[in-house]
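Examination of the molecular architecture
Here is how the chains run, residue by residue.
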Amino acid sequence: MAEIFANIPKHFAIMISTVIISFLILSTVGISLPPNDIADRFRNDSETIKLASTDYGHIVQEIPAAVFHPTSINDAAILIKFAYNYYNNAVPMITIAARGRGHSVRGQAMARGGVVVNMTSLQNRINGSGISVLRSPFLGFFADVGGEQLWIDVLHATLEHGLSPVSWTDYLYLTVGGTLSNAGISGQTFRFGPQISNVYELDVITGKGDIVTCSTKDNSELYYAVLGGLGQFGIITRARIALKPAPTRVKWLRMLYSDFSAFSRDQEHLISINGRKQSNAFDYLEGMLLLNQGPPDVSFFPEPYQPRIISLVTQHGIIYCIEAAIYYDDRTVNTVDKELQVLVKGLSFLPGFMFEKNVSYVDFVNRVEREEQILRSKGLWDIPHPWLNLFVPRSRISDFDTGVFKNIILKQNISAGLVLLYPMNRNKWDDNMSAVIPEEDVFYVVSLLRSSGFNMWEAFDRQNEEILQFCENVGIKVKTYLSHYETQESWIKHFGSKWGSFQERKAQFDPKMILAPGQRIFNK
């Protein structure tokens, strides 16, 4: 075992060595732990530790004692149960963080001095693929999916059956368990709800090491706690995901606006047409800003129009863009254009500035992967990402536009990067779940998705703080998404009226505060 611990600080090596040796001793003396030997699942060579010490954000670095590579769900349960039984007032607590692709941006999937569970080690455990498509008379078609599976693999596996999930994230190379621990949002959310609203059942390993199946009917408190629960109550090992017949093609639109009021009014009108089975409705709706901060990305638009669009951005400072999509297939190919005409009739976009593409369904839902490849080729992927994601109440979105976009971002020489701005319907979310959103019936997603050099991210962070302080000063009650706070007081304010139940659920399902220490909610 000595070579396993050769490359980490001595006190970390001693701690995890003690954990493993203690486990072996306890197993041999009959204490009620399963007999399985998991000692060989730990790794802490320098490369493994380095990978687990950072994330997509490249801002936070937290060094774990070891990384655990489970070969089964039972392995992970044994680890957590051991940590639960091992802890007492006389010994240090062993903290455990589940890590998928490490796409968090502030160390949320890290465990300083603890154990990071590499969930991707489990990817081939269900029917050799981790994804199983089934049908029941009550639910219709659904997919049983391992929490470690990537959404891109869920897409391809379900399409083999002519089916697809209804709610996505913009980027598909994320794990199912990871997005369900937050919410999982994209342009489909206004109509179909976030991903957490499209899950029938879960298997979860709680902070006590118990493997529990839960749903709205069975063990419902755990079900509601875990969905949007930031990993605080358990590790999602299986999700039963709603499916529907998959389209094959997409009408993909972008419409440009120079006036914010017209832009937001049209967005809110379009998301009001939101029945899950309703015809004559968009399937996807987002929005973005083209800012006069260097050349805007106009690659989506036809080449002859690109100089005109750049000129508009220069003239107005900000051009607002509605991005929308209608899905179709061979059955609806002859009616989709008429449906589109009905939907855009009466909208107030700039005349002549509506643009359309026809693409495959796969290319549309996986559209960010192409951008990833471009950024990787330029060395611009594995760099700091000082992101800020907010939910802003509809009643204050105009104030936010003026105060933040016009008076902070445009006036400072700091690139805003990709800025997303689009509304959602509160009634598509389940308030029993842990996820926190504004109280109003309609609220906006604001995402500042910036990238920076390794010596520059602090300037972006200061601007993020300035934006949050502005909202505080003028009484805009924003909620952060993919949240990051340094103190429990800040988390209490974030959760608001949900804090009491959040605390109670923690005491019930992870009373020794073992799980997800990187969120810094209960672990300093």
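In what follows, the structure referred to is the one given above.
In what follows, the accompanying structure is described. Fair warning: this is a prediction, and the values are worked out from it, not measured in the lab. (Residues numbered from 1 in each chain as written. Predicted model: local features only at pLDDT ≥ 70, side-chain atom pairs only at ≥ 80, totals over all residues. Heavy atoms only, no water.)

**Considering the overall build of the protein chain**
Our working rule: Runs of E in the DSSP output that reach at least two residues are strands. Runs of H or I that reach at least four are helices, and both are numbered from the N terminus. Here the globule rule reads 2.2 Å times residues to the power 0.38, and the radius of gyration is calculated from C-alpha atoms. The rule is simple: take the accessible area with a 1.4 Å probe, protein chains only, and divide by the maximum for that residue type; under 20% is buried, over 50% is exposed, in between is partly exposed. We call two residues in contact when some of their heavy atoms are within 4.5 Å. For the accessible areas, the method is Shrake-Rupley and the probe is 1.4 Å, while residue cover comes only from the protein chains on display. In this tally, Lys and Arg are treated as positive and Asp and Glu as negative; His is ignored, and so are the chain termini. A charged residue contributes its charge at one atom only: NZ of Lys, CZ of Arg, CG of Asp or CD of Glu.
Within the protein chain one finds 16 helices and 18 strands. Relative to the compact-globule value of 24 Å for 524 residues, the protein chain shows a C-alpha radius of gyration of 24 Å, a close match. Principal axes of the C-alpha set define a box for the protein chain whose edges measure 80 × 55 × 45 Å. When burial is assessed residue by residue, the protein chain has 58% of its 524 residues classed as buried. In the protein chain, 75% of the contacts between residues at least 6 apart in sequence involve partners at least 24 apart. With the model as given, the accessible surface of the protein chain reaches about 22100 Å², and the carbon-plus-sulfur share is 51%. The distance from the centre of the 49 positive side-chain charges to the centre of the 52 negative ones in the protein chain is 2 Å.

**Digging into the side chain of Q149**
Note the threshold: We define a polar contact as two N or O atoms separated by no more than 3.5 Å, with the added condition that, inside protein, one atom must be a possible hydrogen donor and the other a possible acceptor, whereas residues neighbouring each other in sequence contribute only through side-chain atom pairs.
One can find Q149 in the loop between strand 6 (140-146) and helix 4 (151-159). Looking at Q149, its side chain comes within polar contact range of the side chain of E148, at 2.9 Å.

**A short note on the pattern of salt bridges**
Keep this limit in mind: By convention in these notes, a salt bridge is any Lys or Arg side-chain nitrogen within 4 Å of a carboxyl oxygen on Asp or Glu.
Summed over the entire model, instances satisfying the criterion amount to 30 salt bridges. R112 is the salt-bridge partner of E62, the closest N and O atoms lying 3.7 Å from each other. With E62 in the loop between helix 2 (46-52) and strand 2 (66-68) and R112 in the loop between strand 3 (96-99) and strand 4 (115-118), the pair connects residues that are 50 residues apart, well separated along the chain. With a relative accessible area of 63%, R112 lands in the exposed category. Note that K493 is salt-bridged to E472, the shortest N-O span being 2.7 Å. Highlighted residues: K493 in helix 15 (residues 488-495) and E472 in helix 14 (residues 457-474), separated in sequence by 21 residues. Salt bridges linked by common partners bring D144, E201, D203, R238 and R240 together as one network.

**Side note on the nonpolar core**
We apply this condition: In these notes, a set of buried Ala, Val, Leu, Ile, Met, Phe, Trp, Tyr and Cys residues joined through side-chain atoms within 4.5 Å is what counts as a nonpolar core.
One finds L180, I185, L202, L256, F364 and W429 to be the most contacted residues of the largest nonpolar core, which totals 85 residues. Ignoring any residue separated from it by four or fewer positions in sequence, one finds L202 in contact with L180, V212, T213, C214, Y223, V226, L227, I236, R238 and A239. Counting 48 residues, the second-largest nonpolar core is a separate cluster that includes L253, A262, L285 and F400.

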